[in-house]
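Take a look at the letters that make up each chain.
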Amino acid sequence: LLARCIESLLSMGNGFLGEVIVVDNASTDGSAALVRERYPAVRLIENARNEGFARGNNRGVSAAREDYVLLLNTDAFLTPGALRHMVALLDSEPRAALVGARLVNADGSFQASHTPFPTLWREFLILSSLGRAISGPWYPSCGPGEVRPRVVDYVEGACMLVRRDAYRAVGGFDAGYFMYAEDVDLCRALRNAGWEVWYRPDAVVTHLGGGSSGGRRPEREADLYRSRVRYQRKYRGPFAAATLKVLILTTALAKVLLHGALRRLTGGRRGRAVPSPRLLSARLKGV
């Protein structure tokens, strides 16, 4: 994945792309050695331990020298023209601090790309699955019908082009998030500071999803909920955070019963592994 990601960047050409920086969060699959041996022009930052998504990206931006910095996951790949479209938007919109791309799956189908800021009502609709039943499969993200660039609440962290000075002015990603919701938080911080966040649908990026956290779905889902609660506490206060905890734990019990029954009735063909209330309670403790 990392090699494919780097190749998609290098295809832009040296005249357009200033530099490529890879931040390795103590990986154990030979990624750092691959960069050193195959891509000697790429700057490699090796962390002694996995510092999480937020700290890793902050280290990369701190080392960057260009005015614009593209934050790109290793499982995200630029299509021709995508980066030029994003750069053109920052060039033409002086209040724009960040622009996101139209994310698509490997088969070209639409993927969540930009979303309104979370509220307790939206969290309830997500947790209960009522949001998708009422508003369609993309909920809470806006759907694939948009064709014009526009100002939005937040874009997905898999691919973000940021104005370096604006990023640094708000402190970058909040390192209190280990993984998940830091993209929401960053866009919120930029908006609160008077900047704009844009979505550019003609900048298309293939995003596989889960490339750094596959194979641990219940734990990954629990980490996501922890970050959501932290976001609510930070921007809406302790009551909102406590309310969301109750919603998460209540719906978790229902999901454990439902998916457990599905697996038993279908011999494992249906139903998925979900985080248990015990796991969630441990993850949500102290947040």
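In this numbering scheme, every chain counts its residues from 1 along its sequence in written order. Local features in this predicted model are restricted to residues whose pLDDT is 70 or higher, and side-chain atom pairs enter the listing and the counts only when it is 80 or higher, whereas totals over whole chains, interfaces and linings include all residues. Only hydrogens and water are removed before side-chain values are computed, so all heavy atoms of the structure are retained for them.

**Some points on the packing of aromatic side chains**
To keep things clear, this is the line we draw: Stacked, tilted and edge-to-face pairs are distinguished by plane angle, under 30 degrees for stacked and over 60 for edge-to-face with tilted covering the rest, among Phe, Tyr and Trp rings (Trp via its six-membered ring) whose centres lie within 6.5 Å. To qualify as a helix, a DSSP run of H or I must reach at least 4 residues; to qualify as a strand, a run of E must reach at least 2; elements of each kind are numbered from the N terminus. Each residue is assigned to one of three classes by its accessible area relative to the maximum for its type, calculated with a 1.4 Å probe on protein chains only: buried under 20%, partly exposed between the two thresholds, exposed over 50%. We count a charge as sitting over a ring when the NZ of a lysine or the CZ of an arginine lies within 6 Å of the ring centre and within 35 degrees of the ring normal.
Counted under the stated rule, the structure contains 6 aromatic pairs. Ring geometry for Phe110 against Trp138: centres 5.1 Å apart, planes inclined by 90°, an arrangement best described as edge-to-face. With a gap of 28 residues between them, Phe110 in the loop between strand 5 (96–104) and strand 6 (114–115) and Trp138 in the loop between helix 6 (130–135) and strand 7 (150–151) connect regions that are remote in the sequence. With a relative accessible area of 8%, Phe110 lands in the buried category. Between Arg188 and the ring centre of Phe117, over which it is positioned, the NZ or CZ distance is 5.2 Å. Positioned above the aromatic ring of Tyr177, the side-chain terminus of Arg230 is 4.6 Å from the ring centre.

**Some words on unusual backbone geometry**
Note the cis peptide between Tyr139 and Pro140, where omega equals 5°. With respect to the secondary-structure elements, Pro140 resides in the loop between helix 6 and strand 7. One non-glycine residue, Ala26, lies in the positive phi region at around 60°. Relative to the helices and strands, Ala26 is located in the loop between strand 1 (21–24) and helix 2 (31–38). Residue class for Ala26 comes out partly exposed when judged on its relative accessible area of 29%. One non-glycine residue, Ala181, lies in positive phi territory at about 75°. Assessed through its relative accessible area of 11%, Ala181 is described here as buried.

**Some points on the environment of Asp107**
Mapped onto the elements, Asp107 comes out in the loop between strand 5 and strand 6. As for Asp107 and Thr206, which are separated by 99 residues in sequence, their C-alpha atoms are 8.8 Å apart.

**Concerning the side chain of Asn57**
Put simply, the rule reads: Contact between two residues is taken to exist if any of their heavy atoms lie within 4.5 Å; hydrogens are not considered.
Among the structural elements, Asn57 can be located in helix 3 (residues 52–63). Looking at Asn57, the relative accessible area reads 15%, which means it is buried. If near-sequence neighbours (up to four positions away) are discounted, Asn57 is found in contact with Leu71, Tyr167 and Phe173.

Geometric values such as these leave the question of function open.
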